[in-house]
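Each chain, written out:
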Amino acid sequence: MSDNSVDVSDDIGNLTFPQAVLRGATLRCPACARGKLFFGLFQMNKKCPDCEFSFERSPGYFLGSTYINYAFTALTTTVSYVVLHFGLGWQKERLLPGLLAFCLIFPLVFFRFARSLWLSLDCYFDRVGASEAMSESRQAQTNSLDVNKRH
C-alpha cells in the first residue's frame with residue numbers, strides 16, 4: 001500500500017449511490033475515490049494505485065458494462081432522433097448519417113466510463129464482494145511483504 005493510503009473498508013460499507021455514480025463518472029477508484037482506474041486509453045489498472053483495491057475480477061465480469069454502454073448509446077440516439085426529427089422537423093435523410101456515426105464512435109469514447117460505472121455500482125450493490133476484493137488485495141500484499149522479508 002502507498003504511504004498515503006487509508007483503510008477504505010469502512011468507506012465501501014458507507015458508499016452512497018450518488019458517491020458510487022460520481023466515482024464511476026470521474027473514473028476513480030470506487031473504494032477511495034483517489035486512484036485512477038485507467039492508465040491508458042483502454043488499459044485498466046489491475047488495482048488502485050492509492051489503496052490497492054483490486055479492479056481485476058473474474059473473466060466476463062465487465063460484460064455488464066456493455067449494457068450500460070448500449071443503454072447510453074441507444075437512449076442518446078433515440079432522444080436525439082425524436083427531438084431533431086419530430087421537434088425541429090429535420091429530415092431523416094439528414095439525421096441518419098450523423099446518428100449512425102454517433103452510434104459507431106460514442107461506444108468507443110464511453111467505454112471507460114461504462115466500465116467505471118459498472119465497477120462502482122457493483123461496489124455499491126454488492127458490498128460483500130467489494131469488501132472481499134479489498135481483503136484479497138490486502139492479503140496478497142501481506143503475502144508479498146512476507147516473501148520479501150524472507151529473502
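Scoring rules and cut-offs
- Residues numbered from 1 in each chain as written.
- Predicted model: local features only at pLDDT ≥ 70, side-chain atom pairs only at ≥ 80, totals over all residues.
- Heavy atoms only, no water.
- Helix = DSSP H or I, 4+ residues; strand = E, 2+ residues; numbered from the N terminus.
- Expected span 1.5 Å × (residues − 1).
- Buried < 20%, exposed > 50% of the residue type's maximum accessible area, 1.4 Å probe, protein only.
- Contact = heavy atoms within 4.5 Å.
- Patch = residues over 30% accessible without salt bridge, like charges linked within 9 Å, V, L, I, M, F, W, Y side chains within 5 Å.
- Areas by Shrake-Rupley, 256 points an atom, 1.4 Å probe, with all protein chains shown as cover.
- Salt bridge = Lys/Arg side-chain N within 4 Å of Asp/Glu carboxyl O.
- Polar contact = N/O pair within 3.5 Å; in protein donor to acceptor, adjacent residues only side chain to side chain.
- Axes fitted to C-alpha atoms, helices over the stretch in contact; angles between N-to-C directions.
- Parallel < 35°, antiparallel > 145°, perpendicular 65-115°, else oblique.
- Left-handed = near helix turned anticlockwise from the far one by under 90°.
- Nonpolar A, V, L, I, M, F, W, Y, C, P; charged D, E, K, R; others polar.

Draft legend 1. Highlighting helix α3 (residues 63-87). Between its terminal C-alpha atoms α3 stretches 35 Å, which fits the 36 Å expected from 25 residues at 1.5 Å a residue. Among the residues making up α3, those that are buried are Gly64, Ser65, Ile68, Asn69, Thr73 and Thr77. Against α4 (92-125) lie the buried residues of α3. Positioned one or two residues after α3, Gly89 has a phi angle of 80°, which is positive.

Draft legend 2. Highlighting a nonpolar patch on the surface. Together, Leu75, Val79, Val83, Leu88 and Trp90 give the surface a local cluster of nonpolar side chains, amounting to about 470 Å² of exposed area. Tracing the backbone shows Val83 in helix α3. On the accessibility criterion, Val83 (46% relative accessible area) is partly exposed.

Draft legend 3. Examining the side chain of Asp50 more closely. Mapped onto the secondary structure, Asp50 falls in the loop between α2 (17-25) and α3. Within the structure, the side chain of Asp50 is placed 2.7 Å from the side chain of Arg34, a separation counted as a polar contact.

Draft legend 4. Summary view of the packing of α3 against α4. Taken N-terminus to C-terminus, the directions of α3 and α4 make an angle of 150°; their axes are 8 Å apart at the nearest point. One element, α3, and the other, α4, form an angle in the roughly antiparallel class. Of the two possible hands of crossing, α3 and α4 adopt the one that is right-handed. Here the contact of α3 with α4 is composed, by residue class, of 16 nonpolar, eight polar and two charged.

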